[in-house]
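Chain by chain, the residues run as shown.
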Amino acid sequence: MAKYELLAPAGDLEKLKVAILYGADAVFIGGQKFSLRSRASNFTLSDIKEACDFAHKHNAKIHVTCNIVMHNIDTDGLIEYLKELEACGVDAIIASSLYILKMVLKHTKMEAHVSTQQSTSNEEAVAFYESQGMQRVVLARELTLDEIEHVKKASNVELEAFIHGGMCVSISGRCMLSNNMTNRDANRGGCAHSCRWCYDLIDDNKVLNPEGDYFAMSSKDLCAIRAIPKLMDLGINSFKIEGRMKSLHYIATVVNSYRRIIDEYNSTKQVKDFSIYEDAIAKAENRLTSTGFLFGQTTVDEQLYDLNLTCPTKEFVGIVRDYDDINKIAIVEQRNYFLPNSTIEVFTPTKTFNINIKEIYDIEDNELDAARHPKQMIKFKCEEKLNPFDLLRLN
């Protein structure tokens with residue numbers, strides 16, 4: 001394992017490959033059993049095998065989440081499934097159930113990682129999991145940096161901390177809102193994200209919020225860019241990004257930003273300008289962010305009450321699929337609308353630069369007056385060499 005593992009989410013194979021190419025040391029995914037994200041594009045066993053092969057080829061690892069809160073009907077076939085995951089090449093299982101974790105250790109050679117669903121917030125709990133043979137504990141998201149430091153100093157087992165993504169209004173995801181409001185169990189993969197719905201504020205049958213404005217009860221997303229140096233100094237083993245249901249563009253942008261800041265601090269022991277990384281992440285974020293609990297107890301500034309306060313996302317317009325070196329033609333899968341004679345920003349795993357696109361053609365060489373059909377394959381002249389999985393966005 002890298003000294004500081006950057007752990008990224010992926011909802012499908014394409015996102016997994018992008019996460020690794022853009023800097024992830026490991027990726028966590030959900031299979032079709034025992035996973036908490038029933039609406040994500042959960043991986044089949046053949047997908048997981050391909051994911052492991054790709055990851056290991058690029059010196060990365062695959063962690064599979066089996067983190068549902070199990071009822072009796074959920075236990076059937078567990079050991080067989082764990083063995084199938086091991087045969088695919090999976091490196092670690094993330095689970096909250098002690099039974100699942102013990103079965104991982106008893107029946108496989110995969111690592112057992114204690115999920116954040118266990119809300120592990122103190123050194124005694126970490127010591128217990130260590131005594132049970134677990135190789136890693138994912139800390140609760142409600143810890144401050146000072147608390148993380150105390151836990152780390154008293155621990156011998158690997159520790160993983162969340163650094164970016166959604167923050168649940170409940171304690172590390174132990175929420176019952178979805179159950180009560182929609183009969184969808186958040187702890188068994190069915191969260192309806194009730195905290196992010198649009199609500200009216202009513203007092204004595206009178207709506208108090210302005211017409212057209214609504215409220216939520218969710219927290220801002222976590223962005224720990226400014227806490228990375230401290231977390232590295234503490235010796236935290238793995239930095240986890242949340243978001244298996246996020247877009248390909250989001251995954252590439254966020255992963256690459258944290259990759260660069262981790263590498264900068266690891267090599268120079270300083271960060272010259274945090275805003276460079278924050279500005280990069282802002283190109284893909286669509287929710288406001290805060291530092292969560294890391295720098296102390298949260299205040300109103302860490303909450304998201306006004307749904308009008310959202311961040312604009314820089315428009316992701318395409319992903320490069322191929323490049324003709326001889327004719328200098330880029331083959332691109334279009335994702336969002338853009339026009340000929342546009343200046344486009346190219347975002348790659350190693351650099352960002354602008355290109356000027358003049359004419360646009362479809363694969364049959366018909367000139368287009370606009371790229372307007374998502375997933376359509378288009379092409380254009382580009383003197384700068386582009387590579388598969390380079391991303392294009394409006395400048």
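This report concerns the structure included in the present document.

About the cut-offs
Along each chain, numbering runs from 1 in the same order as the chain's sequence is written. Local features in a predicted model are, by the rule used here, given only for residues with pLDDT of at least 70; side-chain atom pairs are given and counted only at 80 or more, and totals for whole chains, interfaces and linings are based on all residues. Only hydrogens and water are set aside when side-chain values are computed; all heavy atoms of the structure are taken into account. Only DSSP runs of H or I reaching four residues or more are called helices, and only runs of E reaching two or more are called strands; each is numbered from the N terminus. Radius of gyration here uses only the C-alpha atoms, and the compact-globule reference equals 2.2 Å multiplied by the residue count raised to the power 0.38. Any residue under 20% of the maximum accessible area for its type is buried, any over 50% is exposed, and the rest in between are partly exposed; the area is computed with a 1.4 Å probe on protein chains only. Only heavy atoms matter for contacts: two residues are in contact if any of them lie within 4.5 Å across the pair. As used throughout, the charge tally considers Lys and Arg to be positive and Asp and Glu to be negative, leaving His and the chain termini uncounted. Where a charge lies is defined by one atom per residue type, namely NZ (Lys), CZ (Arg), CG (Asp) and CD (Glu). Aromatic pairs are defined between Phe, Tyr and Trp rings, using the six-membered ring for Trp, whenever the two ring centres lie within 6.5 Å; interplanar angles under 30 degrees are classed as stacked, those over 60 as edge-to-face, and all others as tilted. Both a distance and an angle decide whether a charge sits over a ring: NZ of Lys or CZ of Arg must be within 6 Å of the ring centre and within 35 degrees of the ring normal. Residues belong to a common nonpolar core when they are buried Ala, Val, Leu, Ile, Met, Phe, Trp, Tyr or Cys residues joined through side-chain atoms within 4.5 Å. Within this analysis, the arc is defined by the directions that extend from the helix axis to the C-beta atoms. Definitions used for this entry: grid spacing 1 Å over protein atoms alone; cavity, a set of points where a 1.4 Å probe fits but cannot get out; pocket, an open set with protein on both sides within 12 Å along at least 5 of 7 lines; lining residue, one with an atom within 4 Å of a point. Grid points are joined across faces, edges and corners, and a volume is the space filled by probe spheres set on the points. Lys, Arg, Asp and Glu make up the charged group, whereas Ala, Val, Leu, Ile, Met, Phe, Trp, Tyr, Cys and Pro make up the nonpolar group; the residues left over, Gly among them, are polar. A pair of strands is considered paired only if DSSP assigns at least 2 bridges between the two. Polar contact criterion, stated in full: a pair of N or O atoms within 3.5 Å, where within protein one must be able to donate a hydrogen and the other to accept it, and residues adjacent in sequence count only if both atoms are side-chain atoms. Orientation is described by lines fitted to C-alpha atoms, with helices fitted over the stretch in contact, and by angles between N-to-C directions that extend from 0 to 180 degrees. Between 65 and 115 degrees an angle is taken as roughly perpendicular, under 35 as roughly parallel, over 145 as roughly antiparallel, and anywhere else as oblique. Crossings are assigned a handedness: left-handed for a near helix turned anticlockwise from the far helix by less than a right angle, right-handed for a clockwise turn.

Bringing the overall build of the chain into the picture now. Scanning the chain for helices and strands turns up 10 helices and 22 strands. In terms of C-alpha radius of gyration, the chain reaches 22 Å, essentially the compact-globule figure of 21 Å for 395 residues. The C-alpha extent of the chain, read off along each of the three principal axes, is 65 × 60 × 45 Å. Taking all 395 residues of the chain together, 53% fall into the buried category. Pairs at least 24 apart in sequence give 66% of the contacts found in the chain among residues at least 6 apart. Once the 46 positive and 56 negative side-chain charges of the chain are each reduced to a mean point, those two points are 3 Å apart.

Okay, the packing of aromatic side chains next. All told, the structure shown has five aromatic pairs when counted by the stated rule. Between Y4 and F239, the ring centres sit 6.2 Å apart and the planes meet at 10 degrees, which makes this aromatic pair stacked. Of the two residues, Y4 sits in the segment before β1 (5-9) while F239 sits in strand β12 (residues 238-241), which places them 235 residues apart along the sequence. With respect to class, Y4 is no different from F239; both count as buried. The aromatic ring of Y250 is capped on one face by K246, whose charged end is 4.7 Å from the ring centroid. For R393, the ring lying beneath its charged end belongs to F347, and the centroid distance is 4.4 Å.

Looking now at the nonpolar core. In terms of nonpolar packing, the biggest core is built from 91 residues, with L16, I93 and Y258 touching the most fellow members. Per-element accounting of this core gives the leading share, 10 residues, to helix α9 (residues 248-268). With near-sequence residues (within four places) excluded, I93 lies in contact with V64, C66, L82, L85, I100, L101, V104, M110, E111, A112 and H113. Ranked by size, the runner-up nonpolar core spans 19 residues in total, among them V317, I360, I378 and L386.

Before going further, it helps to spend a moment on helix α3 (residues 78-88). Those residues of α3 that fall on the buried side of the exposure criterion are L78, Y81, L82, L85 and C88. An end-on view of α3 places all buried positions within 115 degrees of arc, on one side of the element. Facing away from the buried side of α3 by over 90 degrees, the exposed positions are E80 and A87. Among the structural elements, α2 (45-57), β3 (61-65), β4 (92-95) and α4 (98-107) are those in contact with the buried residues of α3.

To continue, consider unusual backbone geometry. Phi at N205 is positive, roughly 65 degrees, even though this residue is not glycine. For N205, the position within the fold is in the loop between β8 (202-203) and β9 (206-207). Owing to a relative accessible area of 75%, N205 belongs among the exposed residues under this scheme. For K269, which is not glycine, the phi torsion reads 60 degrees and is therefore positive. Checked against the element boundaries, K269 lands in the loop between α9 and α10 (274-282).

Attention now moves to empty space enclosed by the protein. Evaluation of the coordinates by the stated rule reveals two cavities of 30 Å³ or more. Quantified by volume, the largest cavity comes out at close to 120 Å³. In this structure, the largest cavity is lined by 14 residues; those nearest its centre are A140, R141, L143, F162 and L294. Classifying every residue of the lining of the largest cavity gives 10 nonpolar, two polar and two charged.

Turning our attention to the pairing of strand β21 (residues 377-381). Here strand β16 (residues 329-334) runs beside β21; their pairing, made up of five bridges, is antiparallel. Along β21, the bridge assignment pairs E333 with M377. Alignment of strand β19 (residues 360-362) against β21, held across two bridges, turns out to be antiparallel. Considered in β21, the bridge of D362 is made with I378.

Further remarks concern the side chain of T108. Its location among the elements puts T108 in the loop between α4 and β5 (111-114). Given a relative accessible area of 9%, T108 falls into the buried group. Within the local environment of T108, its side chain forms a polar contact with the backbone oxygen of V104, the two atoms lying 2.7 Å apart. A polar contact is formed between the side chain of T108 and the backbone nitrogen of M110, at a distance of 3.1 Å.

Before going further, it helps to spend a moment on the packing of helix α1 (residues 13-21) against α9. Packed helices, taken two at a time, are described by their axes: the angle between them and the distance between them. At a closest axis distance of 9 Å, the pairing of α1 and α9 adopts a crossing angle of 20 degrees. The orientation of α1 relative to α9 falls into the category roughly parallel. When the axes of α1 and α9 are compared, the crossing they make is right-handed. Here E14, K15, V18 and A19 of α1 lie close against α9, whose contacting residues are L248, I251, A252 and V255. Residues of the contact of α1 with α9, tallied by class, amount to six nonpolar, no polar and two charged.

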